[in-house]
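Inside the fold
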Amino acid sequence: MLALSTQTATIIRPTPAIPTAPLADLGLLACRTIFLQLVPERLVQHALDRGEGVLTDTGALMCDTGRFTGRSPKDKFIVCDALTTNRVNWGPVNQPFDAADFDRLHQKMLAFLEGKSVFVRYGRAGAHPAYRLDVAVVTTCAWHNLFAHNLFIRPAEAELPGFSPDWTVLCVPEFEADPVSDHTRQGNFTIVDFTRKIILIGGTGYAGEIKKGIFTVLNFLLPVQHGVLPMHCSANAGPTEAGGKPETALFFGLSGTGKTTLSADAGRQLVGDDEHGWVGGTTDLARQIFNFEGGCYAKVINLTAEREPEIFGTIRPGALLENTRFIPGTNTVDFADQSVTENTRVGYPLDFITGAIQPSLAATPKHVFFLTADAFGVLPPISRLTTEQAITQFLLGYTAKLAGTEMGITEPVATFSACFGAAFLPLAPREYADLLGERIRESGATVWLVNTGWTGGAYGVGSRIKLPYTRALVRAAMGGKLDNVPYQTHPVFGLAMPTNCPGIPTDVLDPVKTWPTEQGYTEQAKKLLALFQEQIKKF
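This text gives an overview of the structure that appears in the document. Note that the structure is predicted; figures quoted are calculated from it, not measured.

A large share of strand β13 (residues 229–239) lies buried, amounting to ten of its eleven residues. With four bridges joining them, β13 and strand β16 (residues 275–278) adopt antiparallel strand pairing. Note that in β16 the partner of Pro-230 across the bridge is Gly-277. In terms of strand pairing, β13 meets strand β14 (residues 246–253) through seven bridges, oriented antiparallel. By the bridge assignment for β14, Ser-234 is matched with Phe-251. Taken together, the three bridges between β13 and strand β15 (residues 269–272) define a ladder with antiparallel strand orientation. Each residue of the ladder has a partner; that of Ala-235, found in β15, is Gly-272.

Here it is as structure tokens:
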């Protein structure tokens, strides 16, 4: 390790090829020590020495995020200025923040760091060279820097000498804002400034704020500057049949719908599990889909080697677990333990998944899957959508909360998140939906709605659709086995449902046949349709 003293800061870096010039622009030279671009092993050791985490019996680092075990959307803001005032879709998701207040808060954070140690990570967002951002992530926790190493694209050593960050993320969980003087809602905050190209994160240890902050940035820049569609989806590619031509598939879905599980398929190559861009046009078709990230951030609640072997195999040295707990008396993770939160996660580099595509570029997709865990138990396990239906379902972004998960909830509650990622969309949802429509028409991709939720009744009465059935249906769709089978139109939703699929009982394909009575099914289906109709009026 090399140590370089600059003004008051001592800079520790593995090789002299890593540039220190950006550190002055970041305002960090008053820090005591800057640990720059440390390798994972060194970051893990720092985390252990500083009491930030413990090792599991598989060698993964396990850390707690503290008070916040998930994102805090009510405490996320965007600076309102000449660049954003007429472009951002202001409202509960995109709350305006004053530029002068941002400057004062930024300076307070830098002053807070004087004489302290920080970790700096250079990384990239966007695997496509024409659309990527170079990012500097500054953290006070070693484990947050490991998170950034795992989740952002890692520049090759030969690319580092000329590295100059386009954006900066400053993450200081120990620093809390004063809501009165700083004009935040409370002590924690995430604030995006598109003019200064800085994201400030304070008062929260939840690492997901780092990656979702940059996702928000890309969701603004890519459509506005390049006409690229940013997507909250997973993607994989591979031959649909033995010896077949590799084809790309996209998987959209909210948390708990199976987005990560279905894309991590041993028979196909993973492009990415969460954030992608779709380039338009009829040229460069081999690189139209690109991953924003260099890793994955998967939920691990109830994770087993049998159900999800690919993800289970990533729990090894270099991986980062959040908010999990051990089997008493051991360092073996109890993945069923949700005593801290149900939102337990693991972050790992993309190459921890065997056969993952790197660089993460793939051909224009042939299949697009919208995943929903329908707790009403009325949507078909798979249905084929027209382009217009696809745009509608994209705008709805539907899944359902389960009865019993919150006080007072005694029946399923519909949850809508426009474009399957409303919390990260600075622009109006219709802008993303129109781009999706263009991409579907250009590519000729087939769009499918897949219910990974309940059948035979609502949650508490019916049963969860078996994962092997869902996998078989998705593989059949990608393999062309649903292209020429008969379809019937759903009497309530107007969806095209296949009447048979190899390996799937016929009655499973038509949800009404799984219910005790047709009348009970129809009444429940009409309830959900009414919710759909009310929601779509907003767009």
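Another point: the packing of helix α9 (residues 387–396) against helix α13 (residues 518–536). For the pair α9 and α13, the least separation of the axes is 10 Å and the interaxial angle reads 85°. Between α9 and α13, the angle falls in the class roughly perpendicular. Across the interface between the two elements, Thr-392, Gln-393, Leu-395 and Leu-396 of α9 pack against Phe-532, Gln-535 and Ile-536 of α13.

This part is about the pairing of strand β28 (residues 446–451). Among the six residues in β28, five count as buried, and that is most of the element. With six bridges joining them, strand β24 (residues 367–372) and β28 adopt parallel strand pairing. Paired with Val-368 across the bridge in β28 is Val-447.

For the bond from Gln-358 to Pro-359, the omega torsion is -5°, close enough to zero to count as cis. Relative to the assigned elements, Pro-359 resides in the loop between β22 (345–349) and β23 (361–362). At His-183, a position not held by glycine, the phi torsion is positive, near 65°. Position of His-183 among the secondary structure elements: in the loop between α5 (179–182) and β11 (189–193). Phi is positive for Phe-420, which is not a glycine, with a value near 55°. Counting through the fold element by element, Phe-420 comes out in the loop between β27 (413–416) and α10 (429–443).

Take the side chain of Asn-188 next. Among the secondary structure elements, Asn-188 is positioned in the loop between α5 and β11. Among the polar contacts listed, one links the side chain of Asn-188 to the side chain of Ser-72, at a separation of 3.4 Å. Among the polar contacts listed, one links the side chain of Asn-188 to the side chain of Gln-186, at a separation of 2.7 Å.

A separate point is the pattern of salt bridges. What the rule picks out here adds up to 23 salt bridges. For the salt bridge of Glu-247 with Lys-366, the shortest nitrogen-to-oxygen distance reads 3.3 Å. You can see Glu-247 sitting in strand β14 and its partner Lys-366 sitting in the loop between β23 and β24, a full 119 residues away along the chain. A single network of salt bridges, built from pairs that share partners, joins Lys-211, Lys-212, Lys-259, Asp-274, Glu-275 and Glu-293.

Take the sheet that holds β22 next. For sheets, the rule is that strands pair by backbone hydrogen bonds, running either parallel or antiparallel. Sheet architecture is open: five strands sit in the order β4-β5-β19-β22-β18, paired in mixed fashion. The open sheet terminates on both sides in strands that have one partner only, identified here as β4 (53–55) and β18 (295–299). The average undirected angle you get between the axes of adjacent strands in this sheet is 25°. Pairing analysis gives three bridges linking strand β19 (residues 320–322) to β22, with the strands arranged antiparallel. The partner of Leu-321 across the bridge, within β22, is Val-346. Lying over the sheet, helix α2 (residues 40–49) contacts β4 and β5 (61–63), oriented at roughly 120° with respect to β4.

Reading the values: rules and limits
Sequence order sets the numbering: in each chain, residues are counted from 1 along the sequence as written. Confidence filtering applies because this is a predicted model: local features only for residues at pLDDT of at least 70, side-chain atom pairs given and counted only at 80 or more, and all residues used for totals across whole chains, interfaces and linings. Side-chain metrics rest on all non-hydrogen atoms present in the structure, leaving aside hydrogens and water. Throughout this description, buried means an accessible area under 20% of the type-specific maximum (1.4 Å probe, protein chains only), exposed means over 50%, and partly exposed covers the range between. Strands here are runs of E lasting at least two residues and helices are runs of H or I lasting at least four, both read from the DSSP assignment and numbered beginning at the N terminus. Only strands that DSSP links by at least two bridges are regarded as paired with each other. Where helices are involved, their axes are fitted lines through C-alpha atoms of the stretch in contact, as for all axes, and angles between N-to-C directions lie from 0 to 180°. Roughly parallel here means an angle under 35 degrees, roughly antiparallel means over 145, roughly perpendicular means 65 to 115, and every remaining angle is called oblique. Whether two residues touch is decided by their heavy atoms; if any such pair falls within 4.5 Å, the residues are in contact. Contacts described as polar in this section are N or O atom pairs within 3.5 Å, which, within protein, must combine one atom able to donate a hydrogen with one able to accept it, while residues neighboring in sequence count only if both atoms come from side chains. Between Lys or Arg on one side and Asp or Glu on the other, a salt bridge is scored when a side-chain nitrogen of the former is within 4 Å of a carboxyl oxygen of the latter.

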